Amino acid sequence: MSDWVLIICCGFITFLTRFSMIALLKKEMFNDRIREVLSFVPSAIFPAIIFPAIFLDNSGSLQFEDNPKILASIIAVIIGILSKNILATIVGGLSTYWFLIFI
Amino acid sequence: MKSNLTVFFKGVIDVSPLMIPVVPFGLIFGVLAIDIGFSPLETMSMSLIIFGGASQIVLLQLFSGGASSLVIISSVGAVNSRHLLYGAVVSEHLSDLKLIWKIIVSYFLIDQAFARSNEYLKNNNQKNKYFHLIGGGATCWIVWQTTTFFGIILGSAIPEKLGLSFAVPLTFLALLVNDFRKLVNVIVIFISGLVATFGFNLIPYKAYVIVAALVGLFIAMILTKSIKKDE
């Protein structure tokens, strides 16, 4: 398969996952219970991207020692809880991380 | 009623703080793709056709590791499976739209735009509220294409030491700030995170994202049900 076919297939499947539910689901299919459970979607999905990126090294094994990303993430969470501000959370986490790796 | 343009720019403003970490992410993607051996045209086309940071990074990782096209495509699908849930969440607000608008909104249904527009869609009732999602998505589109372009130009000039890839989990972390104070959400966050971390090597085809999310949702279902019974 050429690179171009691969890129187009990946683009198509990405679009399909975004489009299918919007196209298929109807308003009447939602009740309060489904809505309540779906409100947990961000809490259920984002950690699946966050945790491995923090706790696993490049080879995919757990890394607890000498891992500045853990402390930087904890600081980011504390800033997030206190400020409820998205930008402050990101800037706080990233500057802590740079402080730890450069100093 | 607010004009389409007003709602569009509300989306632009709401999503803007989330664009700062997208900048290093886009640069990293551009640099990595060139490094692996994709042409500048192919790299730019990936951002235009796929328009999904996580999908594109997974594509690069697996491609450079010599994975087959079938594995790459199904992995991209698995990483994208979260969009099925985003679509399910926003679809109730979009069910009256014409097909062409559903297609346009779908192209722009990305993590950041979903996170910001989901609240807006829930709290507003005017007919043109979907312009908020398009505004957020279009903002990210411009940032993503521009930073990909500069990443291609910069090539290997960006030092790996800067650890810019850490901006990726930080962005997703920041998207959850409103959930840190709710007990059920915190439990769901930890369970999903642990399943993903320990399933990373065990669950095939990079499906750990969707497996962790489904476990998390299942736990949320049980917890919210038992809380109701106690009341």
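All of these numbers come straight from a predicted model, not from anything done at the bench.

Trainee: I tried to follow the overall build of chain A on my own but got confused; where do I start?
Mentor: Helices and strands together make up the secondary structure of chain A, namely five helices and zero strands. The linear arrangement of helices and strands in chain A, starting from the amino end, is α-α-α-α-α. Relative to the compact-globule value of 13 Å for 103 residues, chain A shows a C-alpha radius of gyration of 19 Å, a clear excess of over 25%. Along the longest, intermediate and shortest principal axes, the C-alpha atoms of chain A span 55 × 45 × 25 Å.

Trainee: Got a minute to help me understand the confidence of the model for chain B in this structure?
Mentor: Low-pLDDT stretches of the model should not have their predicted coordinates read in fine detail. Summing up the model confidence of chain B, the mean pLDDT is 86 and the portion of residues at 70 or higher is 94%. Overall fold confidence (pTM) sits at 0.73, and the ipTM for the predicted complex is 0.84.

Trainee: Would you mind showing me how to read the packing of helix 7 (residues 111-123) of chain B against helix 8 (residues 131-154) of chain B here?
Mentor: Residue and element names in this part refer to chain B. Relative to each other, helix 7 and helix 8 sit at 160°, their axes nearing to 9 Å. In terms of axis orientation, helix 7 runs roughly antiparallel to helix 8. Between helix 7 and helix 8 lies a crossing whose hand is right-handed. In this structure, helix 7 contributes Gln-112, Ala-113, Arg-116, Ser-117, Tyr-120 and Leu-121 to the contact, and helix 8 contributes His-132, Leu-133, Gly-136, Gly-137 and Cys-140.

Trainee: Could you clarify how one ought to interpret the interface of chain B and chain A in this entry?
Mentor: Many descriptions give the size of an interface as the accessible area lost when the pieces come together. On the chain A side, the residues contacting the 76 residues of chain B number 58 residues. Counting only elements with at least two residues in the side of chain B that touches chain A, the list comes to helix 3 (40-49), helix 4 (53-64), helix 5 (69-94), helix 6 (99-107), helix 9 (167-174), helix 10 (183-199) and helix 11 (208-230) of chain B. Examining the composition of the side of chain B that touches chain A, we find that 18 residues originate from one element, helix 5 of chain B, more than from any other. Class assignment of the residues belonging to the side of chain B that touches chain A gives a composition of 48 nonpolar, 22 polar and six charged.

Trainee: Looking at this model, I keep getting lost on the nonpolar core. Mind explaining?
Mentor: As a rule of thumb, nonpolar side chains are buried together in soluble globular proteins. Judged by nonpolar contacts, the single largest core of 92 residues is most densely connected at Ala-48 of chain A together with Val-209 of chain B. It is helix 5 of chain B that provides the largest number of residues to this core, a total of eleven residues. Two domains each put at least three residues into this core: domain 1 (4-174) and domain 2 (176-231) of chain B. If near-sequence neighbours (up to four positions away) are discounted, Ala-48 of chain A is found in contact with Ser-192, Gly-193, Ala-196, Tyr-208, Val-209, Ala-212 and Ala-213 of chain B.

Trainee: How should the packing of helix 5 (residues 86-102) of chain A against helix 9 of chain B be read in this particular structure?
Mentor: For any two helices packed against each other, one specifies the crossing angle of their axes together with the interaxial distance. Orientation of helix 5 of chain A relative to helix 9 of chain B, taken along the N-to-C sense of each, is 150°, at an axis distance of 9 Å. Judged by the angle between their axes, helix 5 of chain A and helix 9 of chain B are roughly antiparallel. As for the relative orientation of helix 5 of chain A and helix 9 of chain B, their crossing is right-handed in sense. Residue-level contacts link Ile-86, Thr-89, Ile-90, Gly-93 and Leu-94 of chain A of helix 5 of chain A to Ala-167, Leu-170, Thr-171, Leu-173 and Ala-174 of chain B of helix 9 of chain B. Here the contact of helix 5 of chain A with helix 9 of chain B is built from residues that sort into seven nonpolar, three polar and no charged.

Trainee: When you look at helix 3 (residues 41-55) of chain A in this model, what are you seeing that I'm missing?
Mentor: The α-helix winds at 3.6 residues per turn, so residues separated by three or four positions along the chain end up facing the same way. Residue and element names in this part refer to chain A. Spanning 15 residues, helix 3 covers 22 Å between terminal C-alpha atoms, matching the ideal 21 Å at 1.5 Å per step. The largest bend along helix 3 measures about 30° and falls at Pro-47. Buried residues dominate helix 3, accounting for 14 of its 15 residues.

Trainee: Looking at this structure, how should I read the domain arrangement of chain B?
Mentor: Residues and elements named next belong to chain B. With domains assigned, chain B is organised as domain 1 (4-174) and domain 2 (176-231). For domain 1 and domain 2, the distance between their C-alpha centres works out to 23 Å. With ten residues of domain 1 in contact, the opposing surface of domain 2 contributes eight residues. Broken down by element, the side of domain 1 that touches domain 2 gets its largest block of residues, seven residues, from helix 5. A breakdown of the residues in the side of domain 1 that touches domain 2 according to their chemical character gives six nonpolar, three polar and one charged.

Trainee: Would you take a moment to explain helix 4 of chain B for this structure?
Mentor: Spanning twelve residues, helix 4 of chain B covers 17 Å between terminal C-alpha atoms, matching the ideal 16 Å at 1.5 Å per step. Buried residues along helix 4 of chain B sit against helix 1 (3-24) and helix 3 of chain A together with helix 2 (22-36), helix 3 and helix 5 of chain B. Just downstream of helix 4 of chain B lies Gly-66 of chain B, where phi reads positive at about 80°.

Trainee: I tried to follow unusual backbone geometry on my own but got confused; where do I start?
Mentor: Comment: phi is negative for the bulk of residues other than glycine, and the bulk of peptide bonds are trans. Residue and element names in this part refer to chain A. A positive phi is found at Asp-66, a non-glycine position, where the angle reads about 55°. With respect to the secondary-structure elements, Asp-66 resides in the loop between helix 3 and helix 4 (68-83). Asp-66 gets classed as exposed once you count the C-beta atoms within 10 Å, which come to 6. The phi torsion at Lys-84 lies on the positive side, around 55°, for a residue other than glycine. Examined against the element boundaries, Lys-84 turns out to sit in the loop between helix 4 and helix 5. For Lys-84, a count of 13 C-beta atoms within 10 Å corresponds to the partly exposed category.

Thresholds, definitions, all that
Residues numbered from 1 in each chain as written. Chains lettered and ligands numbered in written order. Predicted model: local features only at pLDDT ≥ 70, side-chain atom pairs only at ≥ 80, totals over all residues. Helix = DSSP H or I, 4+ residues; strand = E, 2+ residues; numbered from the N terminus. Rg over C-alpha atoms; globule rule 2.2 N^0.38 Å. pLDDT = per-residue confidence, 0-100. Axes fitted to C-alpha atoms, helices over the stretch in contact; angles between N-to-C directions. Parallel < 35°, antiparallel > 145°, perpendicular 65-115°, else oblique. Left-handed = near helix turned anticlockwise from the far one by under 90°. Contact = placed C-beta atoms within 7 Å. Nonpolar A, V, L, I, M, F, W, Y, C, P; charged D, E, K, R; others polar. Core = buried A, V, L, I, M, F, W, Y, C linked by C-beta atoms within 7 Å. Buried ≥ 20, exposed ≤ 12 C-beta atoms within 10 Å, placed from the backbone. Domains from an automatic or database assignment. Expected span 1.5 Å × (residues − 1). Bend = angle between axes of the 7 residues up to and from the residue.

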